[in-house]
Amino acid sequence: MPARLGRYAVRRRIGTGGFATVWLAYDEQLDSPVAIKVLAENWTEDSHVRQRFLEEGRYLRKVESPHVVTVYDAGSLDDDRPYLVMSYADQGTLAERLEVEGLTVPQASEVIRQVGEGLAALHRGGVLHRDIKPANVLFRTVDPTNGDPGSTQVRAMVGDLGLGKALDV
């Protein structure tokens, strides 16, 4: 496990996929946890995969929505692998929830509504997701806006635009 990725202190690995590894890290300057997605070593020399990875960050930056993962920063490691610094989904994925406990009908309806809002925001920004599945729906704790700790909510966000495509709008 790397101790740092760029200026971010690494805490642990969150997950690994075919094209990237995602790490939980800490932004010491802004006092906040972040997720850092790093292109896998075996894809460093593949210009097509590298381009798709970088496009994911650009697509996510085009959209301002509480239901789409936010990209805060991007950079390259010493070995020239790119990384994206994103909002940390501290409540896991829809796939994990379905595997462990499932959802009630009202919960499922609310998740579908929020995912729909995220997809609509992407479409307004000229981006087509092309890979909506439970593993790409992430949950994040949202601090209460009214100062009441009992009103903490969990928000669904659309993530992983590795197969995303710009719409001709």
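Quick look at the structure, then. (Residues numbered from 1 in each chain as written. Predicted model: local features only at pLDDT ≥ 70, side-chain atom pairs only at ≥ 80, totals over all residues. Heavy atoms only, no water.)

With that settled, the discussion passes to the packing of aromatic side chains. The full count for this structure, using the stated rule, is one aromatic pair. One Lys or Arg, Arg 52, reaches over the ring of Phe 19 and ends 5.3 Å from the middle of that ring. Above the ring of Phe 139, the side-chain terminus of Arg 97 is found at 4.1 Å from the ring centroid. (Phe/Tyr/Trp six-rings, centres within 6.5 Å; stacked < 30°, edge-to-face > 60°. Lys NZ or Arg CZ within 6 Å of the ring centre and 35° of its normal.)

The next subject is the sheet that holds strand β2 (residues 8-16). Read across the open sheet, the six strands follow the order β1-β2-β3-β4-β6-β5; overall the sheet is antiparallel. Taken across any chain shown, the strands that pair with only one partner, and hence form the sheet edges, are β1 (4-5) and β5 (71-76). Where β2 meets strand β3 (residues 20-27), six bridges bridge the pair, whose relative direction is antiparallel. Along β3, the bridge assignment pairs Gly 15 with Val 22. Against the sheet, helix α1 (residues 47-61) engages β3, β4 (32-39), β5 and β6 (82-86), with an angle of about 25 degrees to β6. (Pairing = 2+ DSSP bridges. Helix = DSSP H or I, 4+ residues; strand = E, 2+ residues; numbered from the N terminus. Contact = heavy atoms within 4.5 Å. Axes fitted to C-alpha atoms, helices over the stretch in contact; angles between N-to-C directions.)

An ideal rise of 1.5 Å per residue puts 28 Å on 20 residues; helix α3 (residues 105-124) measures up with 28 Å between its terminal C-alpha atoms. By the burial criterion, the buried members of α3 are Val 111, Gln 114, Val 115, Gly 118, Ala 121 and Leu 122. Buried residues of α3, viewed axially, fall in a sector of 115 degrees; they line one side. For α3, the exposed residues lying more than 90 degrees away from the buried face are Val 105, Pro 106, Ile 112 and Arg 124. Contacts from the buried residues of α3 go to α2 (94-100), β7 (127-128), β8 (137-142) and β9 (153-158). Directly after α3, the chain includes Gly 126, whose backbone phi takes a positive value near 85 degrees. (Expected span 1.5 Å × (residues − 1). Buried < 20%, exposed > 50% of the residue type's maximum accessible area, 1.4 Å probe, protein only. Arc of directions from axis to C-beta.)

A separate point is the layout of surface pockets. Approximately 930 Å³ is the volume found for the largest pocket. Together, 33 residues line the largest pocket, and Val 22, Lys 37, Ala 135, Asn 136 and Asp 160 are the ones closest to its centre. Those elements giving two or more residues to the lining of the largest pocket turn out to be β2, β3, β4 and α1. Looking at the lining of the largest pocket element by element, the count peaks at five residues for α1. (1 Å grid on protein atoms, 1.4 Å probe; cavity = no way out; pocket = protein on both sides within 12 Å on 5 of 7 lines; lining within 4 Å. Points joined across faces, edges and corners; volume = space filled by probe spheres on them.)

In terms of burial, β6 is largely enclosed, as five of its five residues are buried. Across four bridges, the pairing between β4 and β6 is antiparallel. Across the sheet, Ala 35 pairs through a bridge with Met 86, a residue of β6. In the sheet, β5 pairs with β6 via five bridges, with the strands oriented antiparallel. In the sheet register, Ser 76 faces β6, and the bridge partner there is Pro 82. In this antiparallel pair of consecutive strands, β5 and β6, the connection spans five residues, and Asp 80 shows a positive phi of 75 degrees.

Another point: the side chain of Thr 44. Mapped onto the elements of the fold, Thr 44 is located in the loop between β4 and α1. Of note is the side chain of Thr 44, whose polar atom sits 2.9 Å from the backbone oxygen of Glu 41. Each residue touching Thr 44, except ones within four places of it in the same chain, is listed here: Leu 39, Arg 50, Asp 79 and Arg 81. (Polar contact = N/O pair within 3.5 Å; in protein donor to acceptor, adjacent residues only side chain to side chain.)

Here α1 is 15 residues long and its end C-alpha atoms lie 21 Å apart, about the 21 Å a rise of 1.5 Å per residue gives. Looking at where α1 begins, the residue whose side-chain oxygen comes 3.0 Å from the main-chain nitrogen of His 48 is Asp 46.

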